[in-house]
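# Geometric and topological summary
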Amino acid sequence: KAGVTQTPRYLIKTRGQQVTLSCSPISGHRSVSWYQQTPGQGLQFLFEYFSETQRNKGNFPGRFSGRQFSNSRSEMNVSTLELGDSALYLCASSPAQTANYGYTFGSGTRLTVV
Amino acid sequence: AQSVSQHNHHVILSEAASLELGCNYSYGGTVNLFWYVQYPGQHLQLLLKYFSGDPLVKGIKGFEAEFIKSKFSFNLRKPSVQWSDTAEYFCAVSGVNTGGFKTIFGAGTRLFVKA
């Protein structure tokens, strides 16, 4: 079956712009989580969605937002981009809203802010 | 608040050497524990997980981990590493928070296995 699909794979944006990243989870998976991965900070939790509801949020400014659609696909948006937002953004899906299953990760979207 | 600490950032071993990567977590409630691996150029993938039962869990490719509740630890082991085990390894803990869950990752340990 298809894995977690993230689009686009690469993005270059200018400071001050906004960006939208997309994630399609594995078919049947209803929980989607987003992470920011950087060499210095590792994987930082952004948010988790289940059945179109944000269930948990990490310690990121309000410029970072997301949503989940009825088909479980998810998007995250970053407004007013800063240089420090350059990172690999990972989406991970899980079958249900329990931690027992673990995540299946996508390949990520590499965002570069110039 | 949850936190995860991985003891070593970089480990270099020769093939056939034994591996143990340390992981300690901080969380006040029930946790589920994971090890993920990221091979060069590949995405993160689940190596093994613990959520209940036998504290010694076995994963793919000969890896195992032991949950020691009293020490808040979940160390990863492999008796004999291979060159193909060169990768970055992440310990992760997931605790149940009100209204949902989130998984917190350690900073990762880069393992390099010399052929």
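For the structure, see preceding data.
The sections below set out a description of the structure shown in this document.

Definitions and limits used
- Throughout, a residue's number is its position along its own chain's written sequence, starting from 1.
- Chains carry letters and ligands carry numbers; both start at the beginning, A for chains and 1 for ligands, and go up in the order they are written.
- Owing to the predicted nature of the model, reporting of local features is limited to residues with pLDDT of at least 70; listing and counting of side-chain atom pairs is limited to 80 or more, with chain, interface and lining totals taken over all residues.
- As a rule here, side-chain values cover all heavy atoms of the structure and leave hydrogens and water aside.
- Going along the chain from the N terminus, every DSSP run of H or I of four or more residues is numbered as a helix, and every run of E of two or more is numbered as a strand.
- The cut-offs for exposure are 20% and 50% of the maximum accessible area for each residue type, with area from a 1.4 Å probe on protein chains only; residues under the lower value are buried, those over the upper are exposed, and the others partly exposed.
- In what follows, a contact means two residues having at least one pair of non-hydrogen atoms within 4.5 Å.
- Two parts placed together each lose some accessible area under a 1.4 Å probe, and the buried area is that loss summed for both.
- We define a salt bridge as a contact between a side-chain nitrogen of Lys or Arg and a carboxyl oxygen of Asp or Glu at a distance within 4 Å.
- In the analysis that follows, any N or O atom pair within 3.5 Å is treated as a polar contact, provided that within protein one partner can donate a hydrogen and the other can accept it, and provided that, for residues neighboring in sequence, both atoms belong to side chains.
- In this analysis, rings of Phe, Tyr and Trp, with Trp reduced to its six-membered ring, are considered paired at centre separations within 6.5 Å, and the interplanar angle assigns stacked below 30 degrees, edge-to-face beyond 60, and tilted for intermediate values.
- Strand pairing is assigned whenever DSSP identifies at least 2 bridges connecting the two strands.
- Axes here mean lines fitted to C-alpha atoms, for a helix over just the part in contact, with angles spanning 0 to 180 degrees between N-to-C directions.
- Any cysteine sulfur atom paired with another within 2.5 Å is treated as part of a disulfide.
- In this text, buried Ala, Val, Leu, Ile, Met, Phe, Trp, Tyr and Cys residues form a nonpolar core when linked through side-chain atoms within 4.5 Å.

Moving on to unusual backbone geometry. Along the chain, A:T7 connects to A:P8 via a cis peptide bond; the corresponding omega equals -10°. Turning to its location among the elements, A:P8 is positioned in the loop between β1 (5–7) and β2 (10–13). Its identity is not glycine, yet B:K61 carries a phi of approximately 60°, on the positive side. Here B:K61 falls in the partly exposed class, since its relative accessible area comes to 47%.

Across the contact, 21 residues belong to chain A and 20 residues belong to chain B. For the chain A and chain B pair, buried surface summed over both sides reaches about 1,700 Å², with 56% attributable to carbon and sulfur atoms. Across the contact surface, chain A and chain B share zero salt bridges. The interface formed by chain A and chain B includes four residue pairs in polar contact (both at pLDDT 80 or more).

Here a ring pair, both rings aromatic, is described through the centre-centre distance and the interplanar angle of the planes. Enumeration according to the criterion identifies 15 aromatic pairs over all chains in this entry. Through a chain of ring-to-ring contacts, the aromatic side chains of A:Y35, A:F45, A:Y103, A:F105, B:F34, B:Y36 and B:F105 assemble into a single cluster.

Let us look at the sheet that holds β1(A). Neighbouring strands of a sheet are bound in pairs by backbone hydrogen bonds; such pairs are parallel or else antiparallel. Residues and elements named next belong to chain A. Judged by pairing direction, the sheet is antiparallel, and its four strands sit side by side in the order β1-β3-β8-β7 without closing on themselves. Both outer strands of the open sheet, β1 and β7 (64–68), are each paired with one neighbouring strand and no more. Strand-to-strand twist across the sheet, computed as the mean angle between neighbouring axes with direction ignored, equals 15°. Summarising the sheet, β1 and strand β3 (residues 19–24) pair through three bridges and their orientation is antiparallel. Paired with Q6 across the bridge in β3 is C23.

To continue, consider the pattern of salt bridges. Counting across every chain of the model gives nine salt bridges over all chains. Two residues, A:E82 and A:R63, come together in a salt bridge whose shortest N-O distance is 3.6 Å. Within this pair, whereas A:E82 is found in the loop between β8 (74–78) and β9 (87–94), its partner A:R63 is found in the loop between β6 (53–57) and β7, the two being separated by 19 residues in sequence. A:R63 sits in the buried class, given a relative accessible area of 16%. A network of salt bridges, in which partner residues are shared, links B:K58, B:E64, B:E66 and B:R77.

Here we come to the side chain of A:S22. Residue and element names in this part refer to chain A. Here S22 shows up in strand β3. A polar contact of 2.9 Å, which involves the side chain of S22, links it to the side chain of R73. Setting aside anything within four residues of it in sequence, one finds S22 in contact with T5, Q6, T7, W34, R73, S74 and E75.

Glancing now at the state of the cysteines. Taken as a whole and judged by the stated rule, the model has two disulfides over all chains. Disulfide pairing is shown between A:C23 and A:C91; the S-S distance is 1.8 Å. Handedness here is read from the sign of the S-S torsion; for A:C23 and A:C91, about -60°, the answer is left-handed. With A:C23 in strand β3 and A:C91 in strand β9, this pair connects stretches of sequence that are 68 residues apart. In terms of burial, A:C23 and A:C91 fall into one category: buried. One disulfide in the model links B:C23 with B:C91; its S-S distance is 1.9 Å. One quick way to see it: the torsion about the S-S bond of B:C23 and B:C91 is about -65°, and its sign makes the bridge left-handed. With a gap of 68 residues between them, B:C23 in strand β4 (residues 23–26) and B:C91 in strand β10 (residues 87–97) connect regions that are remote in the sequence.

Moving on, we come to the pairing of strand β2 (residues 10–14) of chain B. All names here are of chain B. The side-chain alternation of β2 yields one buried face, formed by V11 and L13, and one unburied face, formed by H10, I12 and S14. Note: β2 against strand β12 (residues 109–114), five bridges, orientation parallel. When the sheet's bridge partners are listed, H10 is paired in β12 with R110.

One finds A:F105, B:W35, B:Y36, B:F74, B:L76, B:Y89 and B:F105 to be the most contacted residues of the largest nonpolar core, which totals 44 residues. With sequence-adjacent residues up to four places away left out, B:F74 is seen in contact with B:C23, B:L33, B:F34, B:W35, B:L48, B:Y50, B:V57, B:A65, B:E66, B:F67 and B:C91. Counting residues in each nonpolar core, the second largest holds 21 residues, with A:L21, A:F47, A:V78 and A:A87 among its members.

Just distances and angles here, no functional claims.
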